[in-house]
Amino acid sequence: MKPATHFLTASDGVRLAWHELGEGRPVMLIHGYISSADMNWIRFGHAAKVAARGFRLIMPDLRAHGQSDAPHDPALYPADVLADDGFALIGHLGLTDYDLGGYSLGARTVMRMLARGAKPRRAILAGMGLEGLLHTSRRVNHFEHVLTHLGSFRPGTPEGNVQGFIKSTKGDPVALLQVLNTFTDTPESVIRAIETPTLVLCGEEDDDNGSATALAEALPNGRLELVPGGHMSAVVKPELGEAMAAFLAA
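The present account deals with the structure reproduced in this document. (Residues numbered from 1 in each chain as written. Predicted model: local features only at pLDDT ≥ 70, side-chain atom pairs only at ≥ 80, totals over all residues. Heavy atoms only, no water.)

**Examining the nonpolar core**
Part 1: Judged by nonpolar contacts, the single largest core of 58 residues is most densely connected at Tyr-33, Ile-34, Val-179, Ile-191, Leu-215 and Leu-219.
Part 2: It is helix H4 (residues 105-115) that contributes the most residues to this core, six residues altogether.
Part 3: Contacts of Tyr-33, omitting those with residues within four sequence positions, involve His-65, Leu-105, Phe-143, Leu-147, Phe-165, Leu-176, Leu-177, Val-179 and Leu-180.
Part 4: Counting residues in hydrophobic clusters, the runner-up holds 25 residues, among them Phe-55, Leu-57, Leu-199 and Met-244. (Core = buried A, V, L, I, M, F, W, Y, C linked by side-chain atoms within 4.5 Å. Buried < 20%, exposed > 50% of the residue type's maximum accessible area, 1.4 Å probe, protein only. Helix = DSSP H or I, 4+ residues; strand = E, 2+ residues; numbered from the N terminus. Contact = heavy atoms within 4.5 Å.)

**Notes on the packing of aromatic side chains**
Part 1: This model, assessed by the stated rule, comprises two aromatic pairs.
Part 2: Measuring from ring centre to ring centre gives 4.7 Å for Tyr-33 and Phe-143, while their planes differ by 65 degrees; the resulting arrangement is edge-to-face. Of the two residues, Tyr-33 is situated in the loop between strand E3 (25-30) and helix H1 (37-42) and Phe-143 in helix H6 (residues 137-147); the sequence distance between them amounts to 110 residues. Here Tyr-33 and Phe-143 have matching classes, each one buried.
Part 3: Their ring planes at 80 degrees and their centres at 6.1 Å tell us that Tyr-33 and Phe-183 sit as a pair that is edge-to-face. With a gap of 150 residues between them, Tyr-33 in the loop between E3 and H1 and Phe-183 in the loop between helix H8 (173-179) and helix H9 (188-191) connect regions that are remote in the sequence. For the pair Tyr-33 and Phe-183, one class covers both residues: buried.
Part 4: Cluster of aromatic residues (ring-pair linked, three or more members): Tyr-33, Phe-143 and Phe-183. (Phe/Tyr/Trp six-rings, centres within 6.5 Å; stacked < 30°, edge-to-face > 60°.)

**Overview of the side chain of Asp-206**
Part 1: The topology assignment puts Asp-206 in the loop between strand E7 (198-203) and helix H10 (212-218).
Part 2: Despite being buried, Asp-206 has no salt bridge partner; Arg-139 is the closest side chain of opposite charge, sitting 7.1 Å away.
Part 3: Residues within four places of Asp-206 in sequence aside, it is in contact with Tyr-103, Gly-127, Gly-229, Gly-230 and His-231. (Lys, Arg positive; Asp, Glu negative; His and termini not counted. Salt bridge = Lys/Arg side-chain N within 4 Å of Asp/Glu carboxyl O.)

**Comments concerning the sheet that holds strand E1 (residues 4-9)**
Part 1: Strand order in the open sheet formed by eight strands is E1-E2-E4-E3-E5-E6-E7-E8, with mixed pairing between adjacent strands. Strands at the two margins of the open sheet, each flanked by one partner only, are E1 and strand E8 (222-227). When the angles between neighbouring strand axes are averaged without regard to direction, this sheet yields 20 degrees.
Part 2: Pairing of E3 with strand E5 (residues 99-103), which is carried by four bridges, proceeds in the parallel orientation. Bridge pairing in E5 links Leu-29 to Gly-101.
Part 3: Here H4 sits on the sheet and contacts E3, E5 and strand E6 (123-126); the angle it forms with E5, its principal contact strand, is near 140 degrees.
Part 4: The strands touched by helix H11 (residues 238-249) are E3, strand E4 (55-60), E5, E6, E7 and E8; relative to E7, the strand with the most contacts, the crossing angle is about 170 degrees. (Pairing = 2+ DSSP bridges. Axes fitted to C-alpha atoms, helices over the stretch in contact; angles between N-to-C directions.)

**Focus: the side chain of Asp-80**
Part 1: Within the element layout of this structure, Asp-80 appears in the loop between E4 and helix H3 (81-93).
Part 2: Within the local environment of Asp-80, its side chain forms a polar contact with the side chain of Arg-112, the two groups lying 3.0 Å apart.
Part 3: Among the polar contacts made by the side chain of Asp-80, one reaches the side chain of Arg-116 at a distance of 3.3 Å.
Part 4: Discounting chain neighbours no more than four positions away, the residues touching Asp-80 are Arg-112, Arg-116, Thr-182 and Thr-184. (Polar contact = N/O pair within 3.5 Å; in protein donor to acceptor, adjacent residues only side chain to side chain.)

**Regarding the pairing of E7**
Part 1: Here E7 lies mainly inside the structure; six of its six residues are buried.
Part 2: Residues Thr-198, Val-200 and Cys-202 line one face of E7 and the alternating positions Leu-199, Leu-201 and Gly-203 line the opposite face, and both faces are buried.
Part 3: Bridge count between E7 and E8: six bridges; the pairing is parallel. Among the inter-strand pairings, Cys-202 is bridged to a residue of E8, identified as Leu-226.
Part 4: Chirality of the crossover, the property in question, places the unit of E7, H10 and E8 among those that are right-handed. (Right-handed = clockwise from strand over helix to strand, strands pointing away.)

Structure (structure tokens):
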């Protein structure tokens, strides 16, 4: 089954795309930085695995990613705007009983939505550790360095891998730089107060965003599951989609 693509215009005029697959209980899945709904969820079969368990997948392309607009105006990238966009889509679709998950920046966006009052039945924080939520500046500095020196990194290095990913996704470096300004820290006290049953799902070799174990332990109803791979490679492994589907369907 091929996903259907739809568009929504945010309150600031930015046109946002989202993709739907399957029927049943709604689950919104938010992709990672420089990626897209297609790259994170559709291409490697994760969406199909979740849909097969009776879910209606709602997979937005974040602003400056995928089929969504990628404006260059800094005013269109205020702090926490990605969470704003998530809430706008939930409101547009009239969702009241749903699940919510994300990978990397998508997981950070899910946490910001939880911190601001989102009440999904279950949540998934994939490719994320505690430090990546508490202190976003480290990742901001890493990506800013790559985006402002594109073409200067050797393949196989961490910077070279990001550089190659930007090229493969045809990312807009100017817009992607602006996205970094939206990153918002979440205090540990807020994380420890979130009672939503949450799966912390991470590659065994992934410490890009700090400790997934520490994140699962910080959440009152957190559960840790590790899958093969690192931060860039776990998203292509079938185990990621299988773990998500099993958690949501339990």
